[in-house]
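# Structure at a glance
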Amino acid sequence: MSTSAHTAHQSILIVDFGSQVTQLIARRVREAGVYCEIAPYSQAEAAFARLRPRGIILSGSPASVCDADSPRAPQALFDSGLPILGICYGQQVMSAQLGGVVEATHIGGEGGEFGRAFLTVTRDCALFDGLWQVGERHQVWMSHGDKVTRFAPGFAIVATSDGAPFAVIADEERRYYGTQFHPEVVHTPDGARLIANFVHKVCGITGDWSMAGYRASKIADIRAQVGDGRVICGLSGGVDSSVAAILIHEAIGDQLTCVFVDHGLLRMHEREQVEQLFRDHYNIPLIVVDASDRFLAGLAGVTDPEAKRKFIGGEFINVFDEQARAIGGADFLAQGTLYPDVIESVSFTGGPSVTIKSHHNVGGLPARMRMALVEPLRELFKDEVRALGRELGLNDQFVGRHPFPGPGLAIRIPGEVTREKCDILRKADAIYLDEIRQAGLYDAIWQAFAVLLPVKTVGVMGDARTYDHVCALRAVTSVDGMTADIYPFDAAFLSRVATRIINEVPGINRVVYDYTSKPPGTIEWE
C-alpha cells in the first residue's frame, strides 16, 4: 500500500507468512473502508512501529508451524494489547506462540481439510456479532493439514468442523481470534462480513478509506517520487496501463510520455484503438513503435513459456530504453503492474510466498538502465483498477474490458510463436469475442480468449482432407483473478462460435472448450 497514506487513516497491519491469498485479506479490509498494509513476518515489527495500526491480522502460509524453522510473529505484536485475527496458519502460529499445541497432518492424510467444509457455531463471540448464531451451520473454505489440538490459555472454542475441532477460537478479553478456515476467499460466503466485524466491531475502526482517497494519495506519492523528472510509460492499451498512464498524467502532466510498442502479438485493431484513445481523446504525448519484426524474430524457436516471458520482458525494456534516449532521456519507467502479477512472480513485500510463474513486467530493471520504476497500481486487483478508472472519469465500456496479458498472443500459442500463427489466432479470437458481445455476455465474463494449440488434427471440408490447428476457447468468471470458475456457455453458443471460426479462419479445423477452473489451472495457458 501507499507509504504515505497511513498517516491519515486508522489502519490494519496484515502480517504475511507467504500465503498465495494474503492480498485477498487486504481486499476484504479495504472493502470494509479500512486502510491496511501488508508486511512479511520478517519486517512486521518495523511496519508495526511505522504504521501504528488499530488491529493485526496474521495470514495463512505454505509452511508448517511444526517445523523448527517455520516463520513466527514478532512478540511485540502480542505485547501491544491490540486485537489480533489469525487465519489458518495465523491461528496455528498464534496458538503455538501463546502456549497451545499444533499437530502436523500430512496433506491427504486423516485430519486435513481442503475445499468447502461446514462448521457449527458453539458459542457467541464478537466476530460473529449480527452474523452467526449458536447452533447454526455455515459453509467455509478450508485448506490445512496441520491443526490446533490444544488452544492457548484464555481461549475458548466458538466453532467446530469435522476436520478442525478448533475451527474458530476466541479470547474475548484480549480480543484475539483464530479461524482455521479462510474468510478472505469468496468460497467462504460470509467471510467478508466476518473480517468487517473484526475491523469495525473488534478494532473499533469506523472506516474512511476509499478509491477517491487512494487516487489522492497516489497522486501525492507520484509527485513526491518523480519530482521534476521525466517519465516514460509502457502503454499496452489495456485497462491497467491506461489507468496508470492517466493517473500519472494527472499527477505530473507533460512530464509523462507514453510509448506503445506493437510487438506483433496484439489483438485485432489494438494499435488503432490505442492511438485514437490517447492522441485524440486524452491528448497525452504518445510514441508508437512497430517492433513486431524484432519480437517475432527473437521468439523464433522458443517454446518454453518462461523463456517467452523473459524474452518479451527484456525486449520491452530494450525498446523503452531506446525511446527514452530518443526523447532526450527519462528518469522513470511507468508500468501498469497489478498485484496478481506480483504475487504469482515473487512475494509482494519480500515474504516467502511460492512463485507460480514470472510476469514480463515484474522484477525491476537491469542495472544498465538509469530509470526507476513507477507502478501506481502495484497494490491493486483488477476490479479495484476498474474502480480507479471510473474515479478518473473513464467510461464503463473501457474499464470493463477483459484483461490482456503483456506478452500478448505469445502465451496463447503454446510452442513456437510465428507470424502466421499470430494471424490465425487473432482472427479466431476476434470472432469469439464478437459472438460473446452479440450474445450480451461480455460483462458477465471476467476474461475470454482463444488459444492456438501446438497440435494439428485431421478434418474434412468440402470433401477434401484437412490437417490444421486446434483452437481452444477459454472463458472464466472471477472476482479478483486469484481464483476463477469456467463460464457455463450453452452448447448452442459454443457450436455457433466453432462453426464461425472453422468457416472463417483458414488454418483451424477443430475447436474445443477449456473447462478448467483456477486452481488447479491458471487463467492463461502459459
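Residues numbered from 1 in each chain as written. Predicted model: local features only at pLDDT ≥ 70, side-chain atom pairs only at ≥ 80, totals over all residues. Heavy atoms only, no water.

All chains considered together, the criterion is met by 16 aromatic pairs. Plain terms: the ring middles of Phe489 and Tyr513 are 5.6 Å apart, the flat faces sit at 65 degrees to each other, and that makes the pair edge-to-face. Taken together, the residues Phe489 in the loop between strand S19 (485-486) and helix H15 (491-504) and Tyr513 in strand S20 (residues 508-513) connect sequence positions 24 residues apart. Note on Tyr513: relative accessible area 14%, which makes it buried. Connected via pairs of aromatic rings, a cluster forms that spans Tyr432, Tyr487, Phe489, Phe493, Tyr513 and Tyr515. Seen from the ring of Phe449, Arg412 lies directly overhead, with NZ or CZ sitting 4.0 Å from the centre. (Phe/Tyr/Trp six-rings, centres within 6.5 Å; stacked < 30°, edge-to-face > 60°. Helix = DSSP H or I, 4+ residues; strand = E, 2+ residues; numbered from the N terminus. Buried < 20%, exposed > 50% of the residue type's maximum accessible area, 1.4 Å probe, protein only. Lys NZ or Arg CZ within 6 Å of the ring centre and 35° of its normal.)

With 90% of its residues at a pLDDT of 70 or more, the chain has an overall mean of 88. Confidence drops under a pLDDT of 50 for residues 1-7, and excluding neighbours within four residues, the segment shows 23 contacts in the predicted structure. (pLDDT = per-residue confidence, 0-100. Contact = heavy atoms within 4.5 Å.)

Bringing the side chain of His469 into the picture now. One can find His469 in strand S18 (residues 464-477). Residue classification places His469 among the buried residues on the basis of a relative accessible area of 11%. Contacts of His469, omitting those with residues within four sequence positions, involve Lys421, Ile424, Leu452, Leu453, Val455, Lys456, Gly507, Ile508, Asn509 and Arg510.

Strand order in the open sheet formed by 5 strands is S14-S13-S12-S15-S16, with parallel pairing between adjacent strands. The open sheet has two edge strands, strand S14 (286-290) and strand S16 (372-374), and neither has a second partner. The sheet shows a mean angle of 30 degrees between the axes of neighbouring strands, taken without regard to direction. In terms of strand pairing, strand S12 (residues 231-235) meets strand S13 (residues 256-262) through 5 bridges, oriented parallel. Each bridged residue has a counterpart across the sheet, and for Leu235 the counterpart in S13 is Phe260. Lying over the sheet, helix H10 (residues 305-326) contacts S12, S13, S14 and strand S15 (332-334), oriented at roughly 135 degrees with respect to S13. (Pairing = 2+ DSSP bridges. Axes fitted to C-alpha atoms, helices over the stretch in contact; angles between N-to-C directions.)

What follows covers the packing of helix H7 (residues 239-252) against helix H12 (residues 382-391). Think of two packed helices as two axes; the pair is described by the angle between the axes and how far apart they sit. Here H7 crosses H12 at 40 degrees, and the two axes come no closer than 10 Å. In terms of their interaxial angle, H7 and H12 are classed as oblique. Along this stretch, H7 crosses H12, giving a crossing that reads as left-handed. Each of Val239, Asp240, Val243 and Leu247 in H7 lies in contact with H12, whose residues at this interface are Lys382, Val385, Arg386, Leu388 and Gly389. When grouped by side-chain class, the residues that make up the contact of H7 with H12 number 5 nonpolar, 1 polar and 3 charged. (Parallel < 35°, antiparallel > 145°, perpendicular 65-115°, else oblique. Left-handed = near helix turned anticlockwise from the far one by under 90°. Nonpolar A, V, L, I, M, F, W, Y, C, P; charged D, E, K, R; others polar.)

With that settled, the discussion passes to the packing of helix H1 (residues 22-31) against helix H5 (residues 191-202). Contact geometry for H1 and H5: axes closest at 9 Å, N-to-C directions at 65 degrees. As judged from the angle between their axes, H1 and H5 are roughly perpendicular. Judged by the twist between their axes, the crossing of H1 over H5 is right-handed. Along its contact with H1, which presents Arg28, Val29 and Glu31, the element H5 presents Ala192, Ile195 and Val199. Split into classes, the residues belonging to the contact of H1 with H5 amount to 4 nonpolar, no polar and 2 charged.

Bringing the pairing of S14 into the picture now. Taken together, the 5 bridges between S13 and S14 define a ladder with parallel strand orientation. In the strand pairing of S14, Val259 is matched with Ile287. Taking the sense of rotation as the criterion, the β-α-β connection linking S13, helix H8 (residues 270-281) and S14 turns out right-handed. (Right-handed = clockwise from strand over helix to strand, strands pointing away.)

This brings us to H10. Each α-helix turn comprises 3.6 residues. Residues three or four places apart therefore point the same way. Here H10 is 22 residues long and its end C-alpha atoms lie 32 Å apart, about the 32 Å a rise of 1.5 Å per residue gives. Among all positions of H10, only Lys308, Arg309, Ile312, Gly313, Glu315, Phe316, Ile317, Val319, Phe320, Asp321, Gln323 and Ala324 are buried. Of the surrounding secondary structure, the elements contacted by the buried residues of H10 are S12, S13, S14, helix H9 (292-299) and S15. Regarding H10, its N-cap is Asp304, as a side-chain oxygen of that residue lies 3.1 Å from the backbone nitrogen of Glu306 further along. Among the residues trailing H10, Gly328 stands out with phi positive, at a value near 95 degrees. (Expected span 1.5 Å × (residues − 1). Polar contact = N/O pair within 3.5 Å; in protein donor to acceptor, adjacent residues only side chain to side chain.)

Further remarks concern helix H4 (residues 89-97). Within H4, 7 of the 9 residues are buried, which leaves it mostly tucked inside the rest of the structure. Taken together, the buried positions of H4 are occupied by Tyr89, Gly90, Gln91, Gln92, Val93, Met94 and Ser95. Downstream of H4 by a residue or two, Gly99 has a phi angle that is positive, lying close to 110 degrees.

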